[in-house]
Protein chains: 12
Amino acid sequence: MSDHIYKKIELVGSSPHGIEEAVKNAVEHAAKTVRHMRWFEVAETRGHIVDGRIDHWQVTVKIGFTLEG
Amino acid sequence: MSDHIYKKIELVGSSPHGIEEAVKNAVEHAAKTVRHMRWFEVAETRGHIVDGRIDHWQVTVKIGFTLEG
Amino acid sequence: MSDHIYKKIELVGSSPHGIEEAVKNAVEHAAKTVRHMRWFEVAETRGHIVDGRIDHWQVTVKIGFTLEG
Amino acid sequence: MSDHIYKKIELVGSSPHGIEEAVKNAVEHAAKTVRHMRWFEVAETRGHIVDGRIDHWQVTVKIGFTLEG
Amino acid sequence: MSDHIYKKIELVGSSPHGIEEAVKNAVEHAAKTVRHMRWFEVAETRGHIVDGRIDHWQVTVKIGFTLEG
Amino acid sequence: MSDHIYKKIELVGSSPHGIEEAVKNAVEHAAKTVRHMRWFEVAETRGHIVDGRIDHWQVTVKIGFTLEG
Amino acid sequence: MSDHIYKKIELVGSSPHGIEEAVKNAVEHAAKTVRHMRWFEVAETRGHIVDGRIDHWQVTVKIGFTLEG
Amino acid sequence: MSDHIYKKIELVGSSPHGIEEAVKNAVEHAAKTVRHMRWFEVAETRGHIVDGRIDHWQVTVKIGFTLEG
Amino acid sequence: MSDHIYKKIELVGSSPHGIEEAVKNAVEHAAKTVRHMRWFEVAETRGHIVDGRIDHWQVTVKIGFTLEG
Amino acid sequence: MSDHIYKKIELVGSSPHGIEEAVKNAVEHAAKTVRHMRWFEVAETRGHIVDGRIDHWQVTVKIGFTLEG
Amino acid sequence: MSDHIYKKIELVGSSPHGIEEAVKNAVEHAAKTVRHMRWFEVAETRGHIVDGRIDHWQVTVKIGFTLEG
Amino acid sequence: MSDHIYKKIELVGSSPHGIEEAVKNAVEHAAKTVRHMRWFEVAETRGHIVDGRIDHWQVTVKIGFTLEG
């Protein structure tokens, strides 16, 4: 691990239910095209309000993955 | 939308169960007096501990709403 | 309360399920050795990804407790 | 001036043309209901993109005004 | 306390003498119109200089108060 | 919109004339290869000075766009 | 001094009178059990309000002390 | 360029018209006494309001210049 | 005032008694060589501890003054 | 240079020896696929500890490169 | 790993030679009394100057270690 | 030391080899004209890339020195 190089990308996941599901949606969407993901960092949590209620959550995450040689 | 003016207010919602419910409580309380709420931003998450257990969560949110002409 | 002194320590709790449980694990672990805990502050939320899915959450919390005379 | 009390409110002004006009729109909208405004501070600058072009700017400003005795 | 909702407002208090009096002036001015104030947070400390001496201090405080049901 | 995933990229746009044009240049350059751009956030504003005058502005923007399924 | 190791701890001192006394209370409480304290850094200043008046100040300080060999 | 030393100074430029002119005014004023200016960084944007309108903008910039051997 | 240029310098004032006196010492020392000082901003508050007691406070202030034409 | 557009990417380089080598590793890995790199910014420095010793350093860098027309 | 609890402590290491050695000194000093250290984070880098030369570096690090059941 | 006043200036040192040498170059350049320098604080670390390799490091440091009576 001492010579790995990682790249970090920034995604925003959404969910009507909460923070964890919004992050999960972002990670699982990324998994379709990105391999070797290792960690995520929550950078910002916000959401939309419609008719006086929370409509959906939007969570910005940075995702780190190993770059292959 | 290109000429809207929004105001942001800062509330702290509480919940014995977690972050999402604390935010929901803040938003729904605001809905009693504020119309046209559009989004929220989570600014700070903290809580109280009683007898070695989490007693309740306190989440600071900024809420944005449209100002009417 | 006006002459209390508090100490803050920084812990990282983990959970496969989400933020609230990670904080709960940190607080309850601390309760084994620290008395008079009063509040916590969430400082950082991140987690590990394994095989394209969230494996566990890691939440950094500061915990404040009363120092006895 | 040495005993004045000020209140700060946070608004978001919009404009299709740029930052200055977005701030101007926020200040002039506030002027309809707030008296004795003294200064503003730009807190955040962002905007919406439609069809690959900037559609409008959104600038968050804090506005300070004197509270009357 | 586990279901309280709080609102935070931002004031700037002034004083020729120092930080504590500037905060005190802001809190006591707010007390004329705001009930159930619970805490304050100092956000910024600055001041004016006249003829090479401090003329007055200006301290920005956020004040939290309970919103009634 | 409640299940959208967005990606954010970070660009630096330049302009001899000012901030708005530097952002516009970044957005319009991105539009050549990125579809479904939704918003931008100004992160940093700086510029170069030549012979005692502003030669050009450099504005760092984060641009968010929808990831397709 | 070029090979010293220091540890920093984080305390919150309280006082009904002001910031300096709150810091002094934290430092003097720490002096009961910590030796070789060298410096402090004020991290956060806040306080409680009771009946429309400041009841007490709470100041978070980091305190650095030399670790012995 | 690999052995240059730069100094950064902090100025506040003013303008009734907007941000770019306020920065331009600061840079051109500095040019009267400072040589070899290379870049500027916008640190803060604010302004004064008179009679419900923006009277002038105040932009804090850091300016970097080469120190001569 | 709409075309003034200001410069900001950063000083650290010391005092055995507290924050206000440390700032006062910095401002009054600056007044020996700097004219047209207008405002100060407190950037950092720290201090030294000797024998388990606060020996002196050190307060970092930025001081703004008008540059003459 | 006044009309260049740059993109910034975020990498994490590792090294058992120190910060400079970790950054060098990140930059040289990026050079395999990215052309026209111009600058880097160190965003975060951390590392892993194994058996009471530093095993390797991990340095997060943002790398800026020119986007071609 | 998904149910580990970590504690973070904050140390300042010194060295006449540079950042890496200052961190190494802090980690190796901690290793005398702390077991199961896992990572460090560099929080602040500064140093003392004597007779116009760097006398020693002081680097603040947070060190994370596993708490045992 | 309890009545000293310090001034802080901000320099950027460069070096093809690394951070420590860049800071050393800034400090030693300052020593030509500034007396009584006491400490430095690293504020920002960045550098230039040429042909896919680090060409030189640029480190922003604040340097504090005692102002004489």
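Above this text is the structure in question.
Draft legend 1. Quick look at the overall build of chain A. Broken down by element type, chain A carries one helix and three strands. Going from N to C terminus, chain A has its helices and strands arranged as β-α-β-β. Taking 69 residues into account, the globule formula puts the C-alpha radius of gyration at 11 Å, and chain A, at 14 Å, lies well above it. Counting only C-alpha atoms and orienting by the principal axes, one finds that chain A spans roughly 50 × 20 × 15 Å. Taken as a whole, chain A presents about 2,900 Å² of accessible surface, with 46% of it coming from carbon and sulfur. Here chain A contributes 9 positive and 10 negative side-chain charges, whose respective centroids are spaced 4 Å apart.

Draft legend 2. How the structure looks around the pattern of salt bridges. Evaluated as defined, the whole model comprises 96 salt bridges over all chains. F:K62 is the salt-bridge partner of A:E10, the closest N and O atoms lying 2.9 Å from each other. One end of the pair, A:E10, is in strand β1 (residues 5–15); the other, F:K62, is in strand β3 (residues 53–66), on a second chain. Its relative accessible area of 14% is what places F:K62 among the buried residues. Between H:E28 and H:K24 there is a salt bridge; the shortest N-O distance is 3.6 Å. Of the two residues, H:E28 and H:K24 are both situated in helix α1 (residues 19–30); the distance of four residues between them amounts to about one turn of the helix. Taken together, the shared-partner salt bridges in this structure form one network comprising A:K8, A:E41, A:K62, C:E44, C:R46 and J:E10.

Draft legend 3. Broad picture of the side chain of A:Q58. Residue and element names in this part refer to chain A. Within the secondary structure layout, Q58 lies in strand β3 (residues 53–66). On the basis of relative accessible area, Q58 is assigned to the buried category, the value being 11%. One polar contact links Q58 to H48, side chain to side chain, over a distance of 3.4 Å.

Draft legend 4. Representation of the interface of chain A and chain J within the structure. At the interface, 13 residues of chain A touch 18 residues of chain J. Across the interface of chain A and chain J, roughly 1,200 Å² is buried in total on both sides, 56% from carbon and sulfur atoms. Counting the contacts that link chain A with chain J gives two salt bridges. The shortest N-O distance in the salt bridge between A:K8 and J:E10 comes to 3.8 Å.

Draft legend 5. Representation of the relation of the copies chain H and chain F in the model. Aligned on chain F, chain H shows an RMSD of 0.0 Å; the corresponding rotation is 120° and the shift along the axis is 0.0 Å. Taken together, these values place the two copies in the relation of a three-fold axis. Considering only C-alpha atoms, the part of chain H nearest the rotation axis is H:I19, at 5.0 Å. When you check the interface residues of chain H against chain F, a mere 14% turn up at the interface there too, and the two sides of the contact use different surfaces.

Draft legend 6. Focus on the interface of chain H and chain F. Each side of the interface is counted separately: chain H has 14 residues, and chain F has 14 residues. Counting each side, the surface lost to burial between chain H and chain F is near 1,200 Å², with a carbon and sulfur contribution of 63%. The interface formed by chain H and chain F contains two salt bridges. Ionic pairing is found between F:R53 and H:E28, a salt bridge with its closest N-O pair at 3.1 Å. Inspection of the region where chain H meets chain F yields five residue pairs in polar contact (both at pLDDT 80 or more). Those elements that provide at least two residues to the side of chain H that touches chain F are α1 and β2 (37–50) of chain H. Grouping the constituent residues of the side of chain H that touches chain F by class yields nine nonpolar, no polar and five charged.

Draft legend 7. Focus on the pairing of strand β1 (residues 5–15) of chain B. For β1(B), the buried fraction is high: 10 of the 11 residues fall into the buried class. Sheet topology note: the β1(B)/strand β1 (residues 5–15) of chain D ladder contains four bridges and is antiparallel. Across the sheet, residue B:I5 finds its bridge partner in β1(D), namely D:G13. By the bridge criterion, 10 bridges tie β1(B) to strand β3 (residues 53–66) of chain B in an arrangement that is antiparallel. Looking across to β3(B), one finds that B:L11 is bridged to B:V61.

Draft legend 8. Here's a closer look at the packing of aromatic side chains. Tallied over the full model, the rule gives 24 aromatic pairs over all chains. Residues D:W57 and F:F40 carry aromatic rings whose centres are separated by 5.0 Å and whose planes lie at 75° to one another, so their mutual orientation is edge-to-face. With one member in each of two chains, D:W57 in strand β3 (residues 53–66) and F:F40 in strand β2 (residues 37–50) form a pair that bridges those chains. Comparing D:W57 with F:F40 shows no difference in burial state: the two are buried.

Draft legend 9. Summary view of the side chain of H:H56. The topology assignment puts H:H56 in strand β3 (residues 53–66). Side-chain polar atoms of H:H56 contact the side chain of H:D55, separated by 2.9 Å.

Draft legend 10. Broad picture of α1(H). In this model, α1(H) (12 residues) spans 17 Å end to end at C-alpha, consistent with the 16 Å of a helix rising 1.5 Å per residue. Buried within α1(H) are the following residues: H:I19, H:E20, H:A22, H:V23, H:A26, H:V27, H:H29 and H:A30.

Draft legend 11. Representation of the nonpolar core. E:I63, G:V23, G:I63, I:V23 and I:I63 are the most contacted members of the largest nonpolar core, which totals 53 residues. If we skip the residues at most four places from it in the chain, G:V23 touches G:F40, G:V42, G:V59, G:V61, I:I54 and I:W57.

Draft legend 12. Summary view of the arrangement of the chains. Where chain C comes nearest to chain H, the C-alpha atoms are still 26 Å apart, and the two do not contact one another. The two units chain A and chain K are non-contacting; their minimal C-alpha-C-alpha distance is 13 Å.

Draft legend 13. The pairing of strand β2 (residues 37–50) of chain A, seen in detail. All names here are of chain A. For β2 and β3, the ladder comprises 12 bridges, and the chain directions are antiparallel. Looking at β3, one finds that E44 is bridged to T60. Hairpin geometry of β2 and β3 is characterised by an intervening segment of two residues between the two adjacent antiparallel strands and by a positive phi of about 55° at D51.

Thresholds applied
Residues numbered from 1 in each chain as written. Chains lettered and ligands numbered in written order. Predicted model: local features only at pLDDT ≥ 70, side-chain atom pairs only at ≥ 80, totals over all residues. Heavy atoms only, no water. Helix = DSSP H or I, 4+ residues; strand = E, 2+ residues; numbered from the N terminus. Rg over C-alpha atoms; globule rule 2.2 N^0.38 Å. Areas by Shrake-Rupley, 256 points an atom, 1.4 Å probe, with all protein chains shown as cover. Lys, Arg positive; Asp, Glu negative; His and termini not counted. Charge placed at Lys NZ, Arg CZ, Asp CG, Glu CD. Salt bridge = Lys/Arg side-chain N within 4 Å of Asp/Glu carboxyl O. Buried < 20%, exposed > 50% of the residue type's maximum accessible area, 1.4 Å probe, protein only. Polar contact = N/O pair within 3.5 Å; in protein donor to acceptor, adjacent residues only side chain to side chain. Contact = heavy atoms within 4.5 Å. Buried area = accessible area lost by both parts, 1.4 Å probe. Least-squares fit on C-alpha atoms with pLDDT ≥ 70 in both. Nonpolar A, V, L, I, M, F, W, Y, C, P; charged D, E, K, R; others polar. Pairing = 2+ DSSP bridges. Phe/Tyr/Trp six-rings, centres within 6.5 Å; stacked < 30°, edge-to-face > 60°. Expected span 1.5 Å × (residues − 1). Core = buried A, V, L, I, M, F, W, Y, C linked by side-chain atoms within 4.5 Å.

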